[in-house]
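Residues per chain, in single letters:
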Amino acid sequence: MTVDVPPPFADAPHMRDWIAISPEGDVTFLSGRVELGQGSSTALLMMAADELGVSADAITLETARTDRTPNEGLTAGSMSITFGGAALRWAASALLVQMLDAASERLGCAPQELRTESGEILRNDASTGLNLLDFVSAADLSCRVADLARPKDAGERWKTFRDIPRMDLKECMVGTPFVHDMTAPDMLHGAPVHPPSMQSALVSLDLEALKVRPGVVEVVHDSSFVGVVADTPLAAARAAEWAQKRGTWETKPVGAVDPVKFIASSTADAETIVDTGNVNRNIGQWYETTVTRPYIFHGSIGPAAAVALWEGDEVTVWTHSQGVFQLRRAISKALGLEEKKIRAIHCLGAGCYGHNGADDVAFDAVLMARAVPGRHVKVVWSRRDEFHAAPMGAAMATNVRALLGPDNNLTAFDVIVNSAPHTNRPGAGGTPNLRAAAYLANPIQPARSADVPLARGGGANRNAVPTYKVGDVRVQRRLVHDLPYRSSSLRSLGAFNNVIAIESLMDDIALDIGMPPFEFRLQHIDDQRSRDVLERIDSETRQVREVPLPEGAGWGLGFARYKGTGGYCAVMVRVEVDGDVRVTDAFAVADVGEAVSPDGVRNQVEGGMLQSISWTLKEAVPVDGSSTTAGSWADYPILTFSEAPRLSVALIERADALPLGAGEISQGPTGAAVCNAVRAALGIRVRNLPITRDAIIAAVNE
Amino acid sequence: MSELQEVSCRINGKMRAFVVDPTMPLLHVLREVLDLKATRFGCGEGTCGACTVIVDGQAVMSCDLPAGQVDGRRIETAEGLDGDPPHPLVAAFLENQAGQCGYCLPGILMAARALLEGEPTPPSRARIAEALDGNLCRCGTHARILDAIEDAAKHMNRGPLA
Ligand code: FES
Ligand code: FES
C-alpha cells in the first residue's frame, strides 16, 4: 500500500468512527463519502469486505450523515476510492487484527498463522472451521485505527471475490431509492419561486392570491425568497409556476454580451500559476491555438431535490449534496443556527457531475419546512429551476503556444487560461453560497471565488500543464468574475477545455511537420505509464484505422493524465461529418492504478466519454441578460441514443499501484480526440465549441 | 382544476380505481395517488422520457398524459418488471451493469419493453436506439443500455408472440 496513514484519521482516529457493531453483531462500516451515481459505495464496501476476507454481503455500509459518519470532506475530484477506500481498508484491518487475536487465543496459536478467506479463518492455509464474524464480540472500537491496522498488500487482496455488481442498480430500475421517492406521514411539498439571478430582488408578487391557489398550505416569504408549500407536488409546482408568471423582479441590467467572447477577450491581470523557466525564447517555430467552450449545464435527468423536517429548533435535511458537513455549516451560517441543531443525511439523487443544485434545494426545503414544524417538506425543483437556478460549468478560453526546436522537440509551452470560476461551493470563502441565502432579509452573496488551488488539481488551470516533456512551461490564469452567471465545479473542471487545446496543438504541430500523431506524442513522453496507455490505444485501434475512410470521415487522438497526478487516459475516435458531426466509434485505454472494481472503472470511463462527446458536439447554455433562456430540454439538446457511438474501453491494471479514480479522466482526452478527428475529416480546425454545423461553417469562413 | 372524475384502469395486471382531477398527469397519479414511485419525474413536459410507461402496448410519457384519458386502459410501469426471476430486460441490464445513477432507467426499460413486445424478431441496434431517442441519459450509459436491450431481445423475440 502506497498510502501512509490516510488523511481522514487525523479527525476521526478511532475505530468507532468508522465501524458500528449492532447488538446482534452486524458490522456496518461508516464512510463520509457519498454515492453520486457512479458506484463508489459498492467499491467502498468491496474494499472493506476484502480487507476482512469476507464476502461483500456479510457487512453493510452507511454513508455520509452528520450525526453518524466521519467527515471526509467533499466527495469530489475523484478521490473517493483513493482516500475514502483506503480509510475503510485501514479500519477493517484494525477490526480484523482484533478478531484474529481472539481467534488465535481460542486456537492456541500465533495470530500470524491466521488469515481469512470467504469469511472463514484459515490457520496456515488450512481450514479451522471457525467463522471470522463469530469473533465480532472481541472488537474494541475505542482503539485507534492507526495503532492496529496493517492493511493488505496487493498480493494478499481479492481472495474471496474479485468484482461484484453494483448493489443498488436493481432498486434504481424497479424501486424507489432516490430522495425524490422518500415518503413520510403527512408529508408536504414545496416549490421555490426563484428570482431570475442571485442578484435580483423581488419587486411585486400578490402573496395573498398565491396563498389561495389550489392545494397551497403555506407561502413562505422572506425578502426575495418565496416558497410555496402545498399538499401535493403538483399543486406546489402549479402554484409556483403561477407566481413565476405574475411576479416581477428587479435585475441589474447586463449589456448584451456573448459570454465566451467576453471571457476570451478579458485583459484582467493574469496570475502566473506555474513558471519553470523562460518560455519567451525564439529559437525555432511558435505554434498557437485558442479553444473556447461555453457555459454547460449539469443537466441531471432528475432535478435537484431534498426533504426537510423541523422539530423544535432543530432541523434534519435529507440531501444528495456532495458534502453533508459542508452543507450543514453553510445552513448554519445562513440561518445563524448552531451546527449541532442541524442534521444532514445523504440520500441518493440522480447523477451528480459536480456542484449542482443539491445544496441549494436542501436550503430551500429547510426554509419552507420551517413554516410547518413537525411535517416533512419535500422540494423537487422543476426542470426550469434546474436550468435557471443551479450553478453551471464555467465558460472558458484556453490559449496555448508551443515552441518547436530545430530537432522537432518542443522546448517551451505557454498557456493562458481565461475562465469563469470553477468553484463556488457551499461554505467556500466563508459564505454559505446557497442560492436562497442571497434572497433573505439578511442577504449573503457568495464570496468571490478563489478557484481551486493547484494542490487540489487546480480549477481553471486543471491540466493546463501538458502531460508531455515540453521544456519550460508557463501557465497563467485570468478568472473572469464580471459576468452575472453562476458557475461552479462540473466534472473535470478546466481539464476538459485545457486538454482539448493542448491536444489540438500537438496534432497541429505533428501534421505540420509530417509526423504521425502517436509518434510525435511518444517523442515527448518519458514516463512509462503514459507511454503504455498511448502504445496500447495505437495497437488496439490499428486494424480498424486501416479500413479506408469515406469522404468526410476521420480519426482523432486525445491523451492526458488527469490533474497531472491522477489516472491516465488515451482516446481514439472516428467521426463522420455530414453537416453535423457524428462520432461512430470511440476507444479508450485507461490506467487508474489499482482498479478496485474493473467493470465500475470501465463504466465510469465510458460515461465520461459519452458526456464529453455531448459537450463537444452539442452543448451550449443560451444566455440573455442575467440568466439562461433555456427553460426546457428543447432549448438544450444533449446526445441521444441514435447519436451514441460504439464504445470500447480497455484497462491497464496495476494491482499494486494507488487507486486513482476514474470518473473524470476521459472527458479531456475524448473532447480532444473528437476535435482532432473533425480536423482530420475536414481539414479545418473548429476552435469554438460546441462543434455544431454552424460552428463548422464559421470555422470555414474564418 | 376540473371536476373530480372516477378513473379505472389495469396497472401491471391489477384493476385500480381512483377519483382524481382528470387533468392531473398520469405520472402524478402513479407516484402520489397510487404510490407507484418507480416511474420518475424528470421534466414534467414530455422532453426527457424519465416518466415513460406503457399504455395499451405503446410507450408514452406519463407526465404528458392526463389521467382522464387512461380510463379503461392497460398500463404497465417499471414495478411490473420486478419479480423472481425479474423480467428479461432487468436481468439483461444487471448482467451488463447498464446503469450509473440509474435515474433514467425505468423510463428506458419501459420504452424498450414496448419496442421488443411489438417486434416478432430482435430489432437492429439502430432501431433500438431510435426507439429510445425520446429518453435522455445524462450519465452516458448509452452503449451499455443498447447492449443490454440487444441481449434481452435475444430472449424475448424468439418468434411470434405467444
Ligand atoms: S418527466 Fe415526462 S418526459 Fe420528462
Ligand atoms: S444512468 Fe444516470 S441518467 Fe442514465
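This structure is a prediction, so every number in the text was calculated from the model and none was measured. One numbering rule holds for all chains: residues counted from 1, following each sequence as written. Note on labels: chains are lettered from A, ligands numbered from 1, in written order. Local features in this predicted model are restricted to residues whose pLDDT is 70 or higher, and side-chain atom pairs enter the listing and the counts only when it is 80 or higher, whereas totals over whole chains, interfaces and linings include all residues. Side-chain numbers here rest on the full set of heavy atoms in the structure, without hydrogens or water.

K.L.:
Give me helix α1 (residues 26–33) of chain B: which residues, what numbers.
P.N.:
The buried label goes to any residue with under 20% of its type's maximum accessible area, the exposed label to any with over 50%, and the partly exposed label to all in between, with areas taken from a 1.4 Å probe on protein chains only. By definition, any uninterrupted DSSP run of H or I lasting at least four residues is a helix, any uninterrupted run of E lasting at least two residues is a strand, and each is numbered from the N terminus. By the criterion of burial, α1(B) is predominantly enclosed, with six of the eight residues buried. Residues of α1(B) that are buried include every one of Leu26(B), Leu27(B), His28(B), Val29(B), Leu30(B) and Arg31(B), and no others. On its buried side, α1(B) packs onto α7 (233–246) of chain A together with β1 (5–11), β2 (14–20), β3 (52–55) and β5 (74–76) of chain B. Of the residues one or two after α1(B), Asp35(B) is the one with positive phi, at around 55 degrees. Whether two residues are in contact is decided by their heavy atoms, any of which lying within 4.5 Å being enough.

K.L.:
For helix α5 (residues 142–156) of chain B, give the residues involved together with the corresponding values.
P.N.:
The end-to-end C-alpha separation of α5(B) is 21 Å, in line with the 21 Å expected for 15 residues at 1.5 Å each. Those residues of α5(B) that sit buried are His142(B), Ala143(B), Arg144(B), Ile145(B), Leu146(B), Ala148(B), Ile149(B), Ala152(B), Ala153(B) and Met156(B). Close packing links the buried residues of α5(B) with α15 (598–617) and β28 (646–651) of chain A together with α2 (88–96), α3 (105–117) and α4 (125–131) of chain B. Any helix carries an expected span of 1.5 Å times its number of residues minus one.

K.L.:
Lay out empty space enclosed by the protein with the relevant residues and their values.
P.N.:
Residues and elements named next belong to chain A. Here a cavity means grid points, on a 1 Å grid over the protein atoms only, where a 1.4 Å probe fits yet cannot get out; a pocket means an open set of points with protein on both sides within 12 Å along at least five of seven lines; lining residues are those with an atom within 4 Å of a point. Grid points are joined across faces, edges and corners, and a volume is the space filled by probe spheres set on the points. A complete count under the given rule lists five cavities of 30 Å³ or more for this structure. As for the largest cavity, its lining consists of 16 residues, and the residues nearest its centre are His388, Arg435, Tyr485, Arg486 and Ser626. Breaking the lining of the largest cavity down by element, the ones donating at least two residues are α11 (383–389) and β27 (627–628). Considering every element that reaches the lining of the largest cavity, the biggest residue donor is α11, with three residues. Tallied by class, residues from the lining of the largest cavity come to eight nonpolar, six polar and two charged. Split by domain, the lining of the largest cavity shows at least three residues from each of two domains, domain 2 (179–250 + 298–389) and domain 3 (512–702). What the second largest cavity holds in volume is close to 60 Å³. Note on residue categories: nonpolar means Ala, Val, Leu, Ile, Met, Phe, Trp, Tyr, Cys or Pro, charged means Asp, Glu, Lys or Arg, and polar means any other residue, Gly included. These domain boundaries are the output of an automatic or database domain assignment.

K.L.:
Tell me about the interface of chain B and chain A, residues and numbers included.
P.N.:
The interface is formed by 54 residues belonging to chain B together with 59 residues belonging to chain A. Accessible area that two parts lose when put together, with a 1.4 Å probe and added across both, is what the buried area reports. A buried area of about 4500 Å², summed over both sides, lies between chain B and chain A, and 59% of it is on carbon and sulfur atoms. Three residues stand out in chain B for area buried against chain A, namely Gln100(B), Tyr103(B) and Arg138(B), and they jointly supply 20% of the buried area on that side. Put simply, a salt bridge is a Lys or Arg side-chain nitrogen that is within 4 Å of an Asp or Glu carboxyl oxygen. Inspection of the chain B/chain A interface yields seven salt bridges. Polar contacts, as used here, are pairs of N or O atoms within 3.5 Å; protein pairs need one atom able to donate a hydrogen and one able to accept it. Residues neighboring in sequence count only if both atoms are side-chain atoms. Where chain B meets chain A, there are 23 residue pairs in polar contact (both at pLDDT 80 or more). The element contributing the most residues to the side of chain B that touches chain A is α5(B), with five residues.

K.L.:
Outline unusual backbone geometry, supporting the account with residue identities and numerical values.
P.N.:
Most peptide bonds adopt trans geometry, and most residues besides glycine take a negative phi value. A cis amide bond, omega -5 degrees, links Leu689(A) with the succeeding residue Pro690(A). Following the sequence through the fold, Pro690(A) ends up in the loop between α16 (667–682) and α17 (693–701). Put simply, Asp84(B) and Pro85(B) share a cis peptide bond, and its omega is 0 degrees. Residues other than glycine seldom take positive phi values, yet Leu493(A) does so here, at roughly 45 degrees. Summarising the element assignment, Leu493(A) is placed in the loop between β22 (487–488) and α12 (495–512). A positive phi is found at Gln97(B), a non-glycine position, where the angle reads about 45 degrees.

K.L.:
Can you explain the domain arrangement of chain B? Please cite residues and give values.
P.N.:
Residues and elements named next belong to chain B. Each domain of chain B was delimited in the assignment, giving domain 1 (5–78) and domain 2 (81–155). Domain 1 and domain 2 are separated by 20 Å when their C-alpha centres are compared. Facing the 17 residues of domain 1 at the interface are twelve residues of domain 2. Between domain 1 and domain 2, the buried area comes to about 1100 Å², and carbon and sulfur atoms account for 59% of it. When the buried area of domain 1 at its contact with domain 2 is split by residue, Arg40, Ile54 and Ala78 rank highest and sum to 37% of it. Applying the counting criterion to the domain 1 and domain 2 interface returns zero salt bridges.

K.L.:
Quick rundown of the nonpolar core? Include the residues and the values.
P.N.:
Phe93(B) and Ile149(B) are the most contacted members of the largest nonpolar core, which has 155 residues in total. Counting residues per element, this core draws most heavily on α12(A), which supplies ten residues. In contact with Ile149(B), not counting residues within four places along its chain, are Leu89(B), Phe93(B), Ile108(B), Ala112(B), Leu116(B), Ile128(B) and Leu132(B). For our purposes a nonpolar core is just a set of buried Ala, Val, Leu, Ile, Met, Phe, Trp, Tyr and Cys residues, chained together by side-chain atoms within 4.5 Å.

K.L.:
Before we move on, can you summarise the domain arrangement of chain A with the specific residues and values?
P.N.:
Residue and element names in this part refer to chain A. As assigned here, chain A comprises domain 1 (7–168), domain 2 (179–250 + 298–389) and domain 3 (512–702). If you look at the interface, domain 1 gives 16 residues, while domain 2 gives 15 residues. Both faces combined, the contact of domain 1 with domain 2 buries some 1400 Å², and carbon together with sulfur accounts for 57% of it. If you look at where domain 1 meets domain 2, you find one salt bridge. Of the charged contacts in the structure, one is a salt bridge between Arg343 and Asp67, with a shortest N-O distance of 3.0 Å. Run the count over domain 1 and domain 2 and you get four residue pairs in polar contact (both at pLDDT 80 or more).

K.L.:
Can you lay out the sheet that holds strand β4 (residues 114–117) of chain A for me, pointing to particular residues and giving the numbers?
P.N.:
Residue and element names in this part refer to chain A. The three strands are arranged β4-β5-β6 in an open sheet whose pairing can be described as antiparallel. Of all the strands in the sheet, just β4 and β6 (126–131) have a single pairing partner and so form its edges. Strand-to-strand twist in this sheet, taken as the mean axis angle between neighbours without regard to direction, amounts to 35 degrees. Two strands form a pair only when DSSP identifies at least two bridges running between them. In terms of strand pairing, β4 meets strand β5 (residues 120–123) through four bridges, oriented antiparallel. Among the inter-strand pairings, Arg115 is bridged to a residue of β5, identified as Leu122. Axis definition: a line fitted to C-alpha atoms, over the contacting stretch in the case of helices. Angles run 0 to 180 degrees between N-to-C directions. Running at roughly 115 degrees to β4, helix α3 (residues 80–107) makes contact with β4, β5 and β6 of the sheet.

K.L.:
For the packing of aromatic side chains, give the residues involved together with the corresponding values.
P.N.:
Working definition: rings of Phe, Tyr and Trp (its six-membered ring) pair if their centres are within 6.5 Å, and the pair is stacked with planes under 30 degrees apart, edge-to-face with planes over 60 apart, and tilted otherwise. A full pass over the atoms with the stated rule returns twelve aromatic pairs over all chains. Ring plane angle 10 degrees and centroid distance 4.4 Å describe the contact between Phe297(A) and Phe387(A), whose orientation is recorded as stacked. Pair noted here: Phe297(A) is in the loop between β13 (285–293) and β14 (305–311) and Phe387(A) is in helix α11, with a separation of 90 residues, a long-range link. The exposure classification of Phe297(A) matches that of Phe387(A), with both residues buried. Either the NZ atom of lysine or the CZ atom of arginine qualifies as a charge over a ring when it sits within 6 Å of the ring centre and within 35 degrees of the ring normal. Taking the ring centre of Trp158(A) as reference, the NZ or CZ of Arg162(A) above it sits at 4.6 Å. Sitting over the ring of Tyr103(B), Arg40(B) keeps its end group 6.0 Å from the ring centre.

K.L.:
How would you explain the layout of surface pockets if you had to name every residue and give the values?
P.N.:
Rolling a probe over the atoms, with the probe sized like a water molecule, indicates the empty space that remains. Computed from the structure, the second largest pocket encloses a volume of approximately 820 Å³. If you trace the second largest pocket, you find 34 residues lining it, with Ala237(A), Glu241(A), Ser382(A), Phe41(B) and Cys43(B) closest to the centre. At the level of secondary structure, the elements contributing two or more residues to the lining of the second largest pocket comprise β7 (188–192), α7, β17 (377–380) and α11 of chain A together with α1 of chain B. Element by element, the count of residues in the lining of the second largest pocket is highest for α7(A), at nine residues. For the lining of the second largest pocket, the per-class residue count stands at 16 nonpolar, eight polar and ten charged.

K.L.:
So what's going on with the pattern of salt bridges? Which residues, and what values?
P.N.:
Residue and element names in this part refer to chain A. Following the criterion strictly, the structure yields 54 salt bridges over all chains and no others. Of the charged contacts, one joins Glu535 and Arg531 as a salt bridge, the two residues approaching to 3.7 Å between their closest N and O atoms. Of this pair, Glu535 and Arg531 both sit in helix α14 (residues 528–546), four residues apart, which is roughly one turn of the helix. Among the salt bridges present, the one from Asp591 reaches Arg654, with a minimum N-O distance of 2.8 Å. Taken together, the positions of Asp591 in strand β25 (residues 580–591) and Arg654 in the loop between β28 and α16 put the pair 63 residues apart, joining distant regions of the chain. We classify Asp591 as buried; its relative accessible area is 0%. Counted as one network, the salt bridges with shared partners bring together Glu62, Arg65, Asp67, Arg68 and Arg343.

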